[in-house]
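# Structural overview
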Amino acid sequence: MNLKDHENWLVDFYKQRDWYKYTPPVRLNYLTEEVGELSRAIRSIEFGRDHPGERKLSTYEKFDNLNEELADVIDQVLIICSQYDIDPTSLMEYSERKLNKRFESNQGA
């Protein structure tokens, strides 16, 4: 499955559950929440969590949670792309052009 196929599947999934109606500003709040959860997942892997209400996770569980949170972040970005009619694959091309242009004087350094 490629990124665009997943976006199409995701939009259909969200529409079936009546979640697609939420506007991009609301979606941004969800994205922010997911980035926070991603931050916690990375912290758990890199530094651990010494929280009395939480059980210790295995390495497998920590990386499974990391995958889950990365997927959640991507999903929110894809829904925002859809709501603004932006092809998500164009973002990868945009990023490469921007970085190449920004650092063209440093090429080969």
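The protein carries the name NTP pyrophosphohydrolase MazG-like domain-containing protein in an unreviewed UniProt entry, which gives Companilactobacillus alimentarius DSM 20249 as its organism.

The subject of this paragraph is the packing of aromatic side chains. Counted under the stated rule, the structure contains 5 aromatic pairs. Relative to Y14, the ring of F13 has its centre 6.4 Å away and its plane inclined at 55 degrees; by these criteria the two rings are tilted. Residue Y14 is classed as buried on the basis of its relative accessible area, which comes to 9%. Where F13 meets W19, the ring centres are 5.9 Å apart and the plane angle is 70 degrees; that geometry is what we call edge-to-face. In this structure F13 comes out as partly exposed when scored by relative accessible area, which is 24%. Here the aromatic residues W9, F13, Y14 and W19 are joined through ring pairs into a cluster of three or more. The positively charged end of K15 is found above the aromatic ring belonging to Y20, 4.9 Å away from the centroid. Positioned over the ring face of F13 is R17, at 3.7 Å from the centre of the ring.

What follows covers the pattern of salt bridges. Evaluation of the coordinates by the stated rule reveals 4 salt bridges. The closest approach of N and O atoms between E7 and K4, which form a salt bridge, is 2.6 Å. A residue pair is termed a helical-turn pair when its members lie 3 or 4 positions apart in one helix, as E7 and K4 do in helix α1 (residues 3-16) at 3 residues. For E54, the salt bridge goes to R49, with nearest N and O atoms at 2.7 Å. According to the relative accessible area criterion, E54 is partly exposed, its value standing at 36%.

Conventions we followed
Every chain's residues receive numbers from 1 upward, in the order its sequence appears when written. Where local features are concerned, this predicted model is filtered to residues with pLDDT of at least 70; where side-chain atom pairs are given and counted, the filter is 80 or more; whole-chain, interface and lining totals use all residues. Water and hydrogen atoms play no part in the side-chain values, which are based on all heavy atoms of the structure. Pairing of aromatic rings covers Phe, Tyr and the six-membered ring of Trp, with a centre-to-centre limit of 6.5 Å; geometry is then stacked below 30 degrees between planes, edge-to-face above 60, and tilted otherwise. When accessible area is computed with a 1.4 Å probe and restricted to protein chains, residues below 20% of their type maximum are described as buried, those above 50% as exposed, and intermediate ones as partly exposed. For a ring to carry a charge above it, either NZ of a lysine or CZ of an arginine must fall within 6 Å of the ring centroid while also lying within 35 degrees of the normal to the ring plane. Whenever a carboxyl oxygen of Asp or Glu lies within 4 Å of a side-chain nitrogen of Lys or Arg, that contact is scored as a salt bridge. Helix and strand assignments follow DSSP, with helices taken as H or I runs no shorter than four residues and strands as E runs no shorter than two, numbered in order from the N terminus.

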